[in-house]
Amino acid sequence: MTKLINLYCTICQCNDIRFVEQLQHSSNNKSAQFTDQELITAYLWGKHVGLLMRKSIHAFIKDYLHDWFPKLPSYQAFCRRLNRLANAFAALAEIWTEENL
């Protein structure tokens, strides 16, 4: 679980304006119980463990990591928010690529 925690911390500590602006624009509920950072972490962790579909990622998080993500939204809300975060994912990929060059 150390890798999961490191992933979450890395996402939360990303203060690059390209990423932060996309988070602020993606949510119409600034006090959401499940943060954009948690959503991104859950999705990327699902990809990390080899899951390809959103539905399987959501089910995996719900079934096996509920203690880590107790406020996981419904599957429909999960997908809606992922769609709204597309630009945040793109910004994060760009930032991480630049950092690793």
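Above: the structure in question.
All of these numbers come straight from a predicted model, not from anything done at the bench. (Residues numbered from 1 in each chain as written. Predicted model: local features only at pLDDT ≥ 70, side-chain atom pairs only at ≥ 80, totals over all residues. Heavy atoms only, no water.)

**Considerations on the overall build of the protein chain**
Phase 1: A count of helices and strands for the protein chain gives six helices and zero strands.
Phase 2: When the helices and strands of the protein chain are listed from N to C terminus, the series reads α-α-α-α-α-α.
Phase 3: A globule of 101 residues ought to have a C-alpha radius of gyration of about 13 Å, and the protein chain, at 13 Å, matches this closely.
Phase 4: Each of the three principal axes of the protein chain carries a C-alpha extent, and together these read 35 × 30 × 20 Å.
Phase 5: In the protein chain, which comprises 101 residues, the proportion classed as buried is 37%.
Phase 6: Of the contacts made within the protein chain by residues no fewer than 6 positions apart, 68% connect residues no fewer than 24 positions apart.
Phase 7: The average position of the 11 basic charges and that of the 9 acidic charges among the side chains of the protein chain differ by 11 Å. (Helix = DSSP H or I, 4+ residues; strand = E, 2+ residues; numbered from the N terminus. Rg over C-alpha atoms; globule rule 2.2 N^0.38 Å. Buried < 20%, exposed > 50% of the residue type's maximum accessible area, 1.4 Å probe, protein only. Contact = heavy atoms within 4.5 Å. Lys, Arg positive; Asp, Glu negative; His and termini not counted. Charge placed at Lys NZ, Arg CZ, Asp CG, Glu CD.)

**Focus on the pattern of salt bridges**
Phase 1: Evaluation of the coordinates by the stated rule reveals four salt bridges.
Phase 2: Among the salt bridges present, the one from Arg 18 reaches Asp 16, with a minimum N-O distance of 2.8 Å.
Phase 3: Assessed through its relative accessible area of 27%, Arg 18 is described here as partly exposed.
Phase 4: On the accessibility criterion, Asp 16 (23% relative accessible area) is partly exposed.
Phase 5: If you follow the salt bridges from partner to partner, you end up with Asp 16, Arg 18, Glu 94 and Glu 98 in one network. (Salt bridge = Lys/Arg side-chain N within 4 Å of Asp/Glu carboxyl O.)

**Some words on the side chain of Arg 81**
Phase 1: Checked against the element boundaries, Arg 81 lands in helix H5 (residues 75-84).
Phase 2: Reaching out from Arg 81, the side chain makes a polar contact with the backbone oxygen of Phe 34 at a distance of 2.6 Å. (Polar contact = N/O pair within 3.5 Å; in protein donor to acceptor, adjacent residues only side chain to side chain.)

**Overview of the environment of Lys 71**
Phase 1: Residue placement: Lys 71 occurs in the loop between helix H4 (54-64) and H5.
Phase 2: Sequence-wise, Lys 71 and Gly 46 are 25 residues apart; in three dimensions their C-alpha atoms are separated by 17 Å.
Phase 3: When neighbours within four sequence positions are excluded, Lys 71 is seen to be in contact with Gln 33 and Phe 34.

**What to know about the nonpolar core**
Phase 1: One finds Phe 19, Ile 40, Ile 61, Phe 69 and Leu 85 to be the most contacted residues of the largest nonpolar core, which totals 26 residues.
Phase 2: The set of elements that each furnish at least two residues to this core consists of helix H1 (2-12), helix H2 (17-26), helix H3 (36-48), H4, H5 and helix H6 (86-99). (Core = buried A, V, L, I, M, F, W, Y, C linked by side-chain atoms within 4.5 Å.)

**Let's talk about the packing of aromatic side chains**
Phase 1: For the structure on display, the rule yields three aromatic pairs.
Phase 2: Measuring from ring centre to ring centre gives 5.4 Å for Tyr 43 and Phe 89, while their planes differ by 75 degrees; the resulting arrangement is edge-to-face. Here Tyr 43 is found in helix H3, whereas its partner Phe 89 is found in helix H6, with 46 residues between them in sequence. In terms of burial, Tyr 43 and Phe 89 fall into one category: buried. (Phe/Tyr/Trp six-rings, centres within 6.5 Å; stacked < 30°, edge-to-face > 60°.)

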